[in-house]
Protein chains: 4
Amino acid sequence: MSIGIGLVGAGRMGQVFAHTLAYSVAEVRLVAVADIQEEIARQVASRFGIQNFYGDYRRLLERKDVEAVVITTPTGTHTEVIRAAAAAGKHIFTEKPLSLTLKGCDEAIQAVEKAGVKMQVGFMRRFDPPYVLAKRKIEEGVIGKPVMFKAVGRDPGCPNLEFAKRENSGGLIQDMGVHDFDLARWLMGSEVERVHSEGGCLVFPQLGTVGDIDNAVINLKFTNGAVGNIDVSRNAVYGYDIRTEVLGPEGALMIGVLQHTATLILTRSGVTHDTVPHFMQRFGEAYAEEIRDFVDCILKDRPPSVSGEDARAATAIGVAATLSLDEQRPVLLHEVA
Amino acid sequence: MSIGIGLVGAGRMGQVFAHTLAYSVAEVRLVAVADIQEEIARQVASRFGIQNFYGDYRRLLERKDVEAVVITTPTGTHTEVIRAAAAAGKHIFTEKPLSLTLKGCDEAIQAVEKAGVKMQVGFMRRFDPPYVLAKRKIEEGVIGKPVMFKAVGRDPGCPNLEFAKRENSGGLIQDMGVHDFDLARWLMGSEVERVHSEGGCLVFPQLGTVGDIDNAVINLKFTNGAVGNIDVSRNAVYGYDIRTEVLGPEGALMIGVLQHTATLILTRSGVTHDTVPHFMQRFGEAYAEEIRDFVDCILKDRPPSVSGEDARAATAIGVAATLSLDEQRPVLLHEVA
Amino acid sequence: MSIGIGLVGAGRMGQVFAHTLAYSVAEVRLVAVADIQEEIARQVASRFGIQNFYGDYRRLLERKDVEAVVITTPTGTHTEVIRAAAAAGKHIFTEKPLSLTLKGCDEAIQAVEKAGVKMQVGFMRRFDPPYVLAKRKIEEGVIGKPVMFKAVGRDPGCPNLEFAKRENSGGLIQDMGVHDFDLARWLMGSEVERVHSEGGCLVFPQLGTVGDIDNAVINLKFTNGAVGNIDVSRNAVYGYDIRTEVLGPEGALMIGVLQHTATLILTRSGVTHDTVPHFMQRFGEAYAEEIRDFVDCILKDRPPSVSGEDARAATAIGVAATLSLDEQRPVLLHEVA
Amino acid sequence: MSIGIGLVGAGRMGQVFAHTLAYSVAEVRLVAVADIQEEIARQVASRFGIQNFYGDYRRLLERKDVEAVVITTPTGTHTEVIRAAAAAGKHIFTEKPLSLTLKGCDEAIQAVEKAGVKMQVGFMRRFDPPYVLAKRKIEEGVIGKPVMFKAVGRDPGCPNLEFAKRENSGGLIQDMGVHDFDLARWLMGSEVERVHSEGGCLVFPQLGTVGDIDNAVINLKFTNGAVGNIDVSRNAVYGYDIRTEVLGPEGALMIGVLQHTATLILTRSGVTHDTVPHFMQRFGEAYAEEIRDFVDCILKDRPPSVSGEDARAATAIGVAATLSLDEQRPVLLHEVA
């Protein structure tokens, strides 16, 4: 059995998923691609041997042979596309975040529930082998019940200014933190109760002109009493730096990659190695794994591994943490969720 | 020329300094030791070949051949001993923290100023080679102007409950964080403006019975706009874990030691190595270095490298961060300092 | 333009290459597969969507749409298949080693030359990014002219006894060392002049019953005066352990991977991580890269990156090193080559 | 009880031991120092508070309060000084190597036996914590019975040419390899049966003018069948690089230090750290430990941990490995020992 997939959104992430669907996932057929820029849809269709392409994604949804969609459109359109796809009876895989607003999340979740389709959200780190191993070790009780969560999420450069606007990215904390907020809930096995953020526009003044910042730290208090902290930054010029740490009464887990190419260069200047340049070098395989898992959940008719509710919870933390930054006070999740 | 030193306090840290003064620092003579338990003073004198010992430190201060004192008494007595030593015209090296209260810090600083003696406070990490190298790299501009400070400070076990009381240790945040608060100011080249803490008694319930906690995270906002975060924990059962990180627009510095003995053990279970068990294994040499620096500042009649004002500033951050924990709100340093 | 490929040999490595050709290399069509066990050829054809399968590879060679072959049959058949493929005017990619005998290498090289086709040999490490980076750094002069070559090549377990026989694998030194012999020539930029081996059957007595050993060390003297040493072992129970080192007057390069999953587990027992379990986890991408490079050399009509002469030279070192083991004396390459 | 020590030889290593004896070893009194250059003896005596100094070491041996001597004179004089010290009834600690010749070793051993004094030889690595841990893990059976020994021993620069002469240093292989030869026997629990060396003068032509080389590899065959290899080099310009590895059927041990200061510097150029610059930074504490152990063996009247026979065996391997280099053939230890 093979599932017919329609790809909605053929930009950078759309092409990542097109490649994954074309080459790395068994039991799928990529039958159609849509992009608001039809020419891009056409090019991607041609490149990956997809038979059908559209400028209007609703045409794609009309196809009977499209059983599931992968949505990689801009975040602001997720809710609309999800509603349409659910109404058309398609299973849904959507890139994260589900929505920048809780209202958007709720509408998507309700549409999916009403239609009785499956929806999985693209928190690919949950499928990255180092995180999978960490989760398993926690479940095995190796470190005891987690009491502290730490995360570093740093990009090597300034984003596009249009994207950086609050209405498009949610701002630094939502945009970069959303992965860590999801990991926090997943690895700690607890919801977040309260957040407090500090941040600033310290390196890229242009971000300030569109209301964004480039560095932030976010304290977390979990409902089970545990504590946590996340830092996010745009100026890790040394590379793409993602590290996570969970501390428990019996030990700790540290997840992270500092060296990219397994070559040490030793000279009079010391020992040098390179770093991970870009998120695809770090999480490329995890993108394939999450799609395989989504396909598996359709084939086995089981609940998705990362649900709409999971995605809503991550967005809620981001909304609260951004409010904390704005109002310079701790914010309870109850206030926003 | 050789400086006559009197050691006040012959407990655990007193013995560390006695050993350092006896064996690792040139140009000093350890001429007398005092401890409120005279028998301990006698034993330490005997062990390190010190001629004179006292149960009352004031007797030690009367000695003409004591030109400087090293104070390793309980923190609550620092101010009193410093006032007496300053009044007696002795130069002063005191273990950190200078005092748990800002009033105590101020009294000590004023006494020292009035007497015209030198006072250095024992933030030994500033003399640890990895931190010295990091500071030098920052000054050389290797990472640009720092924008983020991160620190991990974790002990491998629960402290003595009597010590854990707020009046004795200042509580977890003051006790463990004071080193990181000092590093934050020193490495970032900026004062702290605002702090926010989250914490809990999550692993050692006995700490809760005396009003202490075992895990905390502390957000920092610096006066120059930079941000930071520190975590402190009592339950790093895997070892003594001290790590620090400074991020700037041109790069980052990471200071920390995870492996203690340079032996990897490779079996079917994977690769294993040990960790640093205890602070003396990590900072032993730094204790000697800070005393050498203190002696040098006397010999060269130059200002101490770590001043009373530095110590007061670190205490102020600790007081504010503890208040933040108590009142569940960000606290401005201006409120307490 | 797209090149029609025929796969000859559908065993373990054949399936690796089938997967690579099907999913990871652009500009190729896998049009036919042959295996002496036709049923296996059929299964692999079915699994990877190949239209044609054969029990007799000569049938495959008759196809006009097969422009190039990938040979993954047992080493002992390489020469025969290469001669037939060359005579049929097909370009040839063959797994290493080209042949266990120099006579076999020579016959293959002559057949290819006579037919005017291209032949590339599967020393995939030359396409592994850490080795590519090391080669580039050497060419940039970062370590000066190399003077010492070191290599570790260790498998995590005992091979199949039938394979372990000299006539099938060449014995431990040829089988495991051939990659290091190739790297030695490539990275050092010099031929090997003399070898000396010590070895023994120390862990798996069953290997001794078929005339093989499980541990060896091989000294190398290069024609340019440089020195080297390689160790090979079958009992690295901790994982698949491949490390290489090149030392020059201005520095050194170290290539190798000890940690597989980027997760550290910290407990009272210390810090633990896993290791690379298997060669595909280490070199999977390099297998794709070498095929891409072979396709590129056909498309651009340029010489292959790893020639028959390269493969012959690696075999010659292996033959000499095995003779050294047998006769307990240094062996000059001139004696065997 | 405290043992009176006389130091014979006040050069570089003599001063290392003077410092160790003065500051880091309890239960000893450094009562006298001798050096053929009396002025140097006088300076060292003054610097370390030693009461008596001599230009003629025999005067030192006459002292009743000298119960043991530490010999740090040039290797060529060891035998003579040991014979005199033994005849004077002094216990003896001598720097490695005991002698460059087996005849010299034998004379020293016989003199010590005849006099009934204790003699320990300065293979300090046996007291270095990483090696101590490795030895313990082997004895605990963690890796099973060792089957392969690997060692890297590299200095960051060219030695003094006068010292480099065969008659003074023994040549590269003896001079640098002697520590590894001792570790090989100690960690493998087996004698060496056969050696084969390759080497060359590849980086420092001036070494060639005095008959020395700068790079070598040495294959080892142990009497129990195990194999090994050691490389030694003078041109590790990146730092002092000492690594050892033991492989067994159940696992492996890797001992070595690549990073010196625990600071990582992360910039656009990648991640950089420094290396160990010099042997004292790596083995400083081991020098103190070996002297403590020697003192302990006197106090407890037990056999020394590193005997004259151990030292003779290490020299024998060095002699054989150097002969192998000269004659371009494997050499059996029986030929030289």
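Given the structure is predicted, the values throughout are model-derived calculations rather than measurements.

## A short note on the sheet that holds strand 6 (residues 119-122) of chain D
Residue and element names in this part refer to chain D. Spatial strand order, 3-2-1-4-5-6: six strands in an open sheet with parallel pairing. Each end of this open sheet is capped by a strand with a single partner; those strands are strand 3 (52-54) and strand 6. On average, each strand axis in the sheet is inclined to that of its neighbour by 20°, with strand direction left out of account. Pairing of strand 5 (residues 91-95) with strand 6 involves four bridges; the strand directions are parallel. Bridge pairing in strand 6 places F93 opposite Q120.

## Regarding the pairing of strand 2 (residues 28-34) of chain C
All names here are of chain C. Of all seven residues that make up strand 2, six are buried, and the element is covered over most of its length. Looking at chain direction, strand 1 (residues 3-8) and strand 2 are connected through six bridges and run parallel. Following the sheet pairing, I3 is matched in strand 2 by V28. As a crossover connection, the stretch from strand 1 through helix 1 (residues 12-23) into strand 2 is right-handed. In this structure, strand 2 lies alongside strand 3 (residues 52-54), joined through three bridges in parallel fashion. Within strand 3, the position partnered with V33 by the bridge is F53.

## Thoughts on the relation of the copies chain A and chain B
After a rotation of 180° and a shift along the axis of 0.0 Å, chain A superposes on chain B with an RMSD of 0.0 Å. What the superposition gives is, in effect, a two-fold axis relating one chain to the other.

## Quick look at the domain arrangement of chain A
Interface size is commonly expressed as the accessible surface area that is lost when the partners come together. All names here are of chain A. Here the domain parsing of chain A yields domain 1 (3-117) and domain 2 (126-284 + 314-335). For domain 1 versus domain 2, the distance between C-alpha centres works out to 27 Å. The interface of domain 1 with domain 2 comprises 11 residues on the first partner and 15 residues on the second. Taken over both partners, the interface formed by domain 1 and domain 2 buries close to 830 Å², and the fraction arising from carbon and sulfur atoms is 68%. Among the secondary structure elements, those contributing two or more residues to the side of domain 1 that touches domain 2 are helix 1 (12-23) and helix 5 (102-115). Looking at which element gives the most residues to the side of domain 1 that touches domain 2, the answer is helix 1, with three residues. In terms of residue class, the side of domain 1 that touches domain 2 is made up of six nonpolar, three polar and two charged.

## Let's talk about the packing of aromatic side chains
The full count for this structure, using the stated rule, is 24 aromatic pairs over all chains. Joined through ring pairs, the aromatic side chains of F17(A), F93(A), F279(A), Y287(A) and F294(A) make up one cluster.

## Observations regarding the nonpolar core
Residues and elements named next belong to chain C. If you look at the biggest cluster of nonpolar residues, it comprises 103 residues, and the most contacted ones within it are L60, V69, I92, F149, V195, I218 and L220. Considering each element in turn, this core owes the most residues, 10 residues, to helix 9 (residues 171-188). Counting contributing residues, this core receives three or more from each of domain 1 (3-117) and domain 2 (126-284 + 314-335). Filtering out sequence-adjacent residues up to four positions away, V69 remains in contact with G6, V8, L60, L61, A85, K90, H91, I92, F93 and F294.

## Remarks on empty space enclosed by the protein
Here the structure, examined in full by the defined rule, presents two cavities of 30 Å³ or more. Its volume calculated, the largest cavity comes out at about 50 Å³. Along its surface, the largest cavity is lined by R166(D), G171(D), L172(D), I173(D), G211(D), D212(D), I213(D), T322(D) and L325(D). Of all elements in the fold, only helix 9 (171-188) and helix 12 (308-327) of chain D reach the threshold of two or more residues within the lining of the largest cavity. When residues in the lining of the largest cavity are grouped by element, the largest group, three residues, is from helix 9 of chain D. Split into classes, the residues belonging to the lining of the largest cavity amount to four nonpolar, three polar and two charged. The space that makes up the second largest cavity amounts to roughly 30 Å³. In terms of lining residues, the second largest cavity is bounded by Y238(A), G239(A), Y240(A), D241(A), V257(A), L258(A), T275(A) and V276(A).

## Thoughts on the interface of chain D and chain A
Counting from both sides, the interface comprises 14 residues of chain D and, opposite them, 14 residues of chain A. Interface of chain D and chain A: buried area, both sides summed, is about 1,200 Å²; carbon and sulfur atoms make up 70% of it. Here chain D and chain A share zero salt bridges between them. The tally of links between chain D and chain A comes to three residue pairs in polar contact (both at pLDDT 80 or more).

## A closer look at the environment of G189(B)
Residues and elements named next belong to chain B. Mapped onto the secondary structure, G189 falls in the loop between helix 9 (171-188) and strand 8 (192-200). Its relative accessible area of 63% is what places G189 among the exposed residues. Separated by 54 residues in sequence, G189 and K135 place their C-alpha atoms 10.0 Å apart.

## Things to note about helix 6 (residues 129-139) of chain A
Think of an α-helix as turning once every 3.6 residues; residues three or four places apart then point the same way. Of all the residues in helix 6 of chain A, the buried ones are P130(A), Y131(A), L133(A), A134(A), K135(A), K137(A) and I138(A). Its buried side turned inward, helix 6 of chain A meets helix 9 (171-188), strand 11 (241-248), strand 12 (251-256) and helix 11 (279-299) of chain A together with strand 13 (263-267) of chain C.

## Here's the deal with the packing of helix 6 (residues 129-139) of chain D against helix 9 of chain D
All names here are of chain D. Relative orientation of the contacting elements helix 6 and helix 9 amounts to 30°, with a least axis distance of 10 Å. It follows that helix 6 is roughly parallel to helix 9 by the angle criterion. Mapping the contact onto sequence places Y131, K135 and I138 in helix 6 and L183, W186 and L187 in helix 9.

## Structural notes on the packing of helix 1 (residues 12-23) of chain B against helix 2 (residues 38-48) of chain B
All names here are of chain B. Relative orientation of the contacting elements helix 1 and helix 2 amounts to 25°, with a least axis distance of 10 Å. Classified by the interaxial angle, the pair formed by helix 1 and helix 2 is roughly parallel. Remark: the crossing between helix 1 and helix 2 carries right-handed chirality. Facing helix 1, whose interface residues are Q15, A18, H19, A22 and Y23, helix 2 presents V44, R47 and F48. By residue class, the composition of the contact of helix 1 with helix 2 is five nonpolar, two polar and one charged.

## Observations concerning the relation of the copies chain D and chain A
The operation relating chain D to chain A is a screw motion whose rotation component is 180°, with 0.0 Å of axial translation and a residual RMSD of 0.0 Å. A share of 100% of interface residues in chain D that are also interface residues in chain A marks the association as one of identical surfaces.

## Description of the interface of chain A and chain B
Counting residues at the interface gives 48 residues for chain A and 48 residues for chain B. A buried area of about 3,300 Å², summed over both sides, lies between chain A and chain B, and 59% of it is on carbon and sulfur atoms. It is E198(A), L202(A) and N219(A) that lose the most area in chain A upon contact with chain B, and together they represent 15% of the buried surface on that side. For the interface between chain A and chain B, the tally reads eight salt bridges. Across the pair E245(B) and R154(A) runs a salt bridge, and its minimum N-O distance is 2.8 Å. At the boundary of chain A and chain B, one finds 19 residue pairs in polar contact (both at pLDDT 80 or more). At the level of secondary structure, the elements contributing two or more residues to the side of chain A that touches chain B comprise strand 7 (148-154), strand 8 (192-200), strand 9 (215-222), strand 10 (227-233), strand 11 and strand 12 of chain A. In terms of residue class, the side of chain A that touches chain B is built from 22 nonpolar, 15 polar and 11 charged.

## So, the confidence of the model for chain A
Scored by pLDDT, chain A comes out at a mean of 97, with 100% of its residues at no less than 70. Interface confidence in the predicted complex, given as ipTM, is 0.96; pTM for the same model is 0.96.

## Here we look at the pattern of salt bridges
Considering all chains together, one arrives at 144 salt bridges over all chains under this definition. Note that E107(B) is salt-bridged to R83(B), the shortest N-O span being 3.1 Å. Here E107(B), found in helix 5 (residues 102-115), pairs with R83(B), found in helix 4 (residues 78-87); they are 24 residues apart in sequence, far enough to count as distant. Taking relative accessible area as the criterion, E107(B) reaches 23% and is therefore assigned partly exposed. Put simply, R42(D) and E39(D) hold a salt bridge, and the shortest N to O gap is 2.7 Å. Here the residue R42(D) and the residue E39(D) both occupy positions in helix 2 (residues 38-48), the gap between them amounting to three residues, near one helical turn. What makes R42(D) partly exposed here is its relative accessible area of 35%.

About the thresholds
Residues numbered from 1 in each chain as written. Chains lettered and ligands numbered in written order. Predicted model: local features only at pLDDT ≥ 70, side-chain atom pairs only at ≥ 80, totals over all residues. Heavy atoms only, no water. Pairing = 2+ DSSP bridges. Helix = DSSP H or I, 4+ residues; strand = E, 2+ residues; numbered from the N terminus. Axes fitted to C-alpha atoms, helices over the stretch in contact; angles between N-to-C directions. Buried < 20%, exposed > 50% of the residue type's maximum accessible area, 1.4 Å probe, protein only. Right-handed = clockwise from strand over helix to strand, strands pointing away. Least-squares fit on C-alpha atoms with pLDDT ≥ 70 in both. Domains from an automatic or database assignment. Contact = heavy atoms within 4.5 Å. Buried area = accessible area lost by both parts, 1.4 Å probe. Nonpolar A, V, L, I, M, F, W, Y, C, P; charged D, E, K, R; others polar. Phe/Tyr/Trp six-rings, centres within 6.5 Å; stacked < 30°, edge-to-face > 60°. Core = buried A, V, L, I, M, F, W, Y, C linked by side-chain atoms within 4.5 Å. 1 Å grid on protein atoms, 1.4 Å probe; cavity = no way out; pocket = protein on both sides within 12 Å on 5 of 7 lines; lining within 4 Å. Points joined across faces, edges and corners; volume = space filled by probe spheres on them. Salt bridge = Lys/Arg side-chain N within 4 Å of Asp/Glu carboxyl O. Polar contact = N/O pair within 3.5 Å; in protein donor to acceptor, adjacent residues only side chain to side chain. Parallel < 35°, antiparallel > 145°, perpendicular 65-115°, else oblique. Left-handed = near helix turned anticlockwise from the far one by under 90°. pLDDT = per-residue confidence, 0-100.

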